[in-house]
Amino acid sequence: MSTNDFDLDQFKATYFEECAELLIDAETRLADLQHSPENVDAEDLNAIFRVVHSVKGGAGAFSFDQLVGFAHIYEALLDRMRQGEIQITEDIVTLLLSANDILTNLIQAAQNDITVPEEDFIDVKNKLNLLAFDQPVNSSTEEGETETTISEEKSTKKYIISFNPKPELLQHANEPLLLVREMKALGELTTIVNTDRLPSIQKIISDEAYFSWVFELVSDCSLTDVEEVFEFVTEDCDLDIKIEDETQKPEDVSSQPTSAPPIEDNSTKTLETTKKQAVEAMQAPTIPTPATVGKPTPTGNSQASQRVSSIRVELDRVDRLVNMVGELVITQAMLRQQVDNLPPELAAFMAKGFEDLGMHTREIQESVMAVRMQPVKSVFARIPRLVRELASKLGKKVELETSGEHTEVDKTVIEQLSDPLTHMIRNSLDHGIEETPEDRKKAGKPELATVTLSAEHRSGRIHIIVTDDGRGINRERVRAKAIEKGIINVDENLSDEAIDDLIFSPGFSTAEEVTDVSGRGVGMDVVRRNISNLGGRISVQSTPGKGTKFIMSLPLTLAVLDGMVVAIGKEKFIISLTAIIESLRPAKTELHNLSNGAEVVSLRGEYIRLVRLHRLFNIPGAQKDPSQALVVVVEIEGGKQVGILVDELLGQQQVVIKSLEENYDPVDGISAATILGNGMVALILDVDGLDAMARQASHKQNTDDEIDNQPDLLTTDTDEEKSTTTNQLANSRPEDQEALTNKATEEKTQRYEVME
Amino acid sequence: MGLKVLTVDDSKTMRDMVSFTLKGAGHNVIEAADGCEALRVLGGDRVDLVITDVNMPNMDGLTLCKEIRSNPTHRLTPILVLTTESDGNKKNEGRSVGATGWIVKPFNPEKLLQVVNKVCP
C-alpha cells in the first residue's frame, strides 16, 4: 500500500475528538495541582504528560507543525517534572495552566486549519523552553539523530557484511532469516554461513546463537540502506560492513565460491556434511514457530476482541436503538390493553407473560438509556479555565468550587448544557462579583470571591446550580432598566422575585456598557429560551449584598418519561411521575378562595394553589367540584407545590416523548406528546407552565370581574407565593394556623399516595 | 496470509491509524488501550506481532515488553515500540526489555508496513 491511497484526513475527526477528551483530563488534573501544589499526585503529572504526548503524536502524523513544536517543549518540561528534576511551585502550575491554554488554542487552530501568530504565545514558549532545556531559545531542542547522509553515487558496489549475532538478537525476536530476506531485496546476495560453533544436537539451546554469516551483497543501494537492514540488531550482534569494488575479490571469504546460493538452500560446503543436524538447529534458534506464527488460531481473534472493555459507538446508532425501544414500549402497551379486553380466563393466561414482557421491555429501555448517560464532568471541566481567564480579564479574584461532577445525564442534555452554563458563569463573574477586591473588602467579605458550580439529581431531573457570593441583583437598577426598556410599566408593582426574574426578559441587559465578557449579544433571555427548549427551567434567587444563585433544572433524558395518565372529561393527559407528590380528594372545608381570584386547598396546614385544567384548556364535561374530583399535588420550580384538578387517575405508564416543537408547535402548559396504548395521542403536561397560566388566568379574572364569593382568609395585593401566604398567616393569626393544621390532619381525605 | 497484530496505544487516533494501515495490507488487528489491556487481550493466544506505544496509563509499553517476553508463549513474538523521538535512550530502554525494533513517530503508513515486513516472516 502506498501513502497515496491512504488518506490521513479520515482520522482527523477522531483525533480532535480525542484531543478534546484529553484536554479535559489535563484541565481537571491541572486544577488538582493548582489546589494542592505541595501535595502532588504523581499520577496527575504522568497523565498530563501522556495527554501532551498523545496530542503531539497525532499532530505529527497530520503535520500540524506548530502544534508539534509547542507540544514538544511542553512535554519535555512535564517529563522533567515527573522525573522530579523540577520542583512544582505555584508559578510552575500557573505556567502549566497557560501552556495548556495555548495547547488548546493550537489544537483549535489546527482544526480550523489556521496558524496562531507565534508572538501570541512566544512568552510562555520561552519560559517552557528555559525550564525544559535550560535554554531560552528554541534551537537544538530536536534531539533527532543526525543521520549521516552519505551522498553516494548510484553505482553498483559490493558490500561485504560479516554478521555475528549474539543470543540477545534471538531473544528479542529478531530473525537472521528476515535480515537475509531484506538484503536480498536490495540486490544480489551471496551467503556464507559459519557453523563452527554449532554443538551436537543434544547440546543445542534454542535461544543461543550458533551461526555467523558473511554476506556479499552486490547492489547500487547506499551504505545507509544496508545499515538500515541491521537497524534493530546493531547492538545485538557483531557487525562489520565493508564496501569493495565490484572487480576486487573479497578478502574475508576468498575460499568460498562467490556464486554460492542463498541461505535458504542450505548449501554451503560445511553445512552439507551435517545437513540434517543443521536444519534442525536452524529451526530451533531462529525460526521457532513458523507454522503457528503463520496461522493464527481461528478463535483467537474473536476471543481477544471480546475482552476489550469499552467501545466507541456513533450516537446515531444509539439513537436508533432508543427510538426502537420507544416503539417497543408503545407496542407493548397497546398489546397489554388488548389483552385486558380479552375474556377473563384468557386474559389471566396471558397476564403472566405480559408481566415478564413489561419487565424486560423496561429493562431494555433502562439499559439503552444508561448507554447515553454521561457524567457532567466533561462540561464542568471546561469551567475552571473559563473562570481563570475571565477573572484575570476582569481583574477580580475568584475561586471556583465544583461539586457533583459525577452526576450523570443524557448525552444530548450534556451537549446542550455547555452554552447556558458558560453564560451563567460569565454572568456571575461579570455582574455578580463586585468590581474589585477592594469593593469586597469594604463590604466585609474576603477578597477572594467564590463561585460554586454544582450538579445534583432531584426528582428525576438534574439541577445545575451556579452560586456566587457577590453583591446580588441590584433590584432598583433592574427595575429602572426594565421601565426604560419598556418591559414593565412605571407603576407596576412587582415582588422582589418578579424583579429578579426580569433579567430573563428579552432585550434586557444591565451592564452599563457592553463588556467583552458578558456582552456577546446574547442575553439571559436566550439562555432561558434555550433551556426551556430542552424542557428545562432556569430561575434566579438573589439576596442583596450576599450573592446570587442560578438554578438550572433539566430533564435527565429527552426520550422517555414515567408518567401518570389522568382523565379530564374525555381527554387524557400525562403528568410526569417525578413531579407528583400525592393525589387527594379534598373536603369542601379545605377549599378556600383568595381575594386575588386564586383558589387554594389547605393540606396539612399548607395552602396549595389549585389549577383547573378544564378551565385552562377549555375541556367540556369535566368534574368542576374539587370535592368530587381529584387534586394531584405536584412540585414545581423552586420546590413550590400546586394542585392540578383532574377527574380521575388512570394509571402509571412509561411513555415515549414525542416533541411537540418538532412535530407541531409549542403549546403553553404542554411539554410534549406521547402515544398511548390505544394509539391515541396524549399530551404531557408542563406543570410549571400550567402554574404560570393559572396565575395569569386568576389574575385576569380578579382584575376583570372581581369575583369574591367566599370569605377570605387573607388578602394579598399581588400574586402570592404559597410560602408567603403561609408565612403571613403564621405571622398574623397563629391560632388559625394551628387550628387549620389540626383540622387538616384529622380529616380523613381520600388520598392516593403515588409511589414511584 | 495476513498477520495477526496487536496494537497497543492509549491514543485512539493512533490505534485507528495503525489498525487501518495494517488491515489495508491484509493483516488482522486487535487493539488495546494500555499494557494491562494488552495482556488481557493476549491471554494465552499467540499473535504474530505486537506494536506498542511507550507512554500509556496503567502499564507502559516497556513494562508490557517485559511482561510479554517473560511469558513462554510470547517469548519470541516480535515487538515493535512506537517512540516519538528518534531518541537513543528510548531505543536502548526498549532493547533492554526485549523489544524487537521500533517505529519512530510521526506516524507514516508506508514506514509502518516496511518495519512490520522487516520483523515478520
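Residues numbered from 1 in each chain as written. Chains lettered and ligands numbered in written order. Predicted model: local features only at pLDDT ≥ 70, side-chain atom pairs only at ≥ 80, totals over all residues. Heavy atoms only, no water.

Caption draft 1: Expanded view of the sheet that holds strand β4 (residues 79-83) of chain B. All names here are of chain B. Within the open sheet, the five strands sit side by side as β2-β1-β3-β4-β5. Their pairing is parallel. Each edge of the sheet is formed by a strand with only one pairing partner; in this case those strands are β2 (28-32) and β5 (101-104). Direction aside, the axes of adjacent strands within the sheet are offset by 20° on average. Relative to β5, β4 is paired through four bridges, and the arrangement is parallel. Each bridged residue has a counterpart across the sheet, and for V81 the counterpart in β5 is W102. (Pairing = 2+ DSSP bridges. Helix = DSSP H or I, 4+ residues; strand = E, 2+ residues; numbered from the N terminus. Axes fitted to C-alpha atoms, helices over the stretch in contact; angles between N-to-C directions.)

Caption draft 2: Looking closely at helix α3 (residues 61-70) of chain B. All names here are of chain B. G61, L62, L64, C65, I68 and R69 are the residues of α3 that are buried. Seen along its axis, α3 keeps its buried residues to an arc of 155°; they face one direction. In α3, those exposed residues whose orientation departs by more than 90 degrees from the buried face are K66 and S70. Its side-chain oxygen placed 3.1 Å from the backbone nitrogen of L62, D60 serves as the N-cap of α3. (Buried < 20%, exposed > 50% of the residue type's maximum accessible area, 1.4 Å probe, protein only. Arc of directions from axis to C-beta. Polar contact = N/O pair within 3.5 Å; in protein donor to acceptor, adjacent residues only side chain to side chain.)

Caption draft 3: Local environment of the nonpolar core. Grouped together as the largest cluster of nonpolar side chains are 94 residues, with contacts concentrated most on L67, Y74 and L103 of chain A together with I51 of chain B. Of the residues forming this core, the biggest block, 12 residues, is contributed by helix α4 (residues 90-111) of chain A. When residues of this core are sorted by domain, at least three fall in each of domain 1 (3-133) and domain 2 (157-289) of chain A. Here Y74 of chain A is in contact with L30, I48, V52, L96, A99, N100, L103 and L128 of chain A, once residues within four sequence places are set aside. (Core = buried A, V, L, I, M, F, W, Y, C linked by side-chain atoms within 4.5 Å. Domains from an automatic or database assignment. Contact = heavy atoms within 4.5 Å.)

Caption draft 4: Quick look at the sheet that holds strand β20 (residues 648-656) of chain A. All names here are of chain A. Sheet architecture is open: five strands sit in the order β20-β12-β13-β22-β21, paired in mixed fashion. Of all the strands in the sheet, just β20 and β21 (670-675) have a single pairing partner and so form its edges. Direction aside, neighbouring strands of the sheet carry axes that sit 35° apart on average. Pairing of β21 with strand β22 (residues 681-685), which is carried by five bridges, proceeds in the antiparallel orientation.

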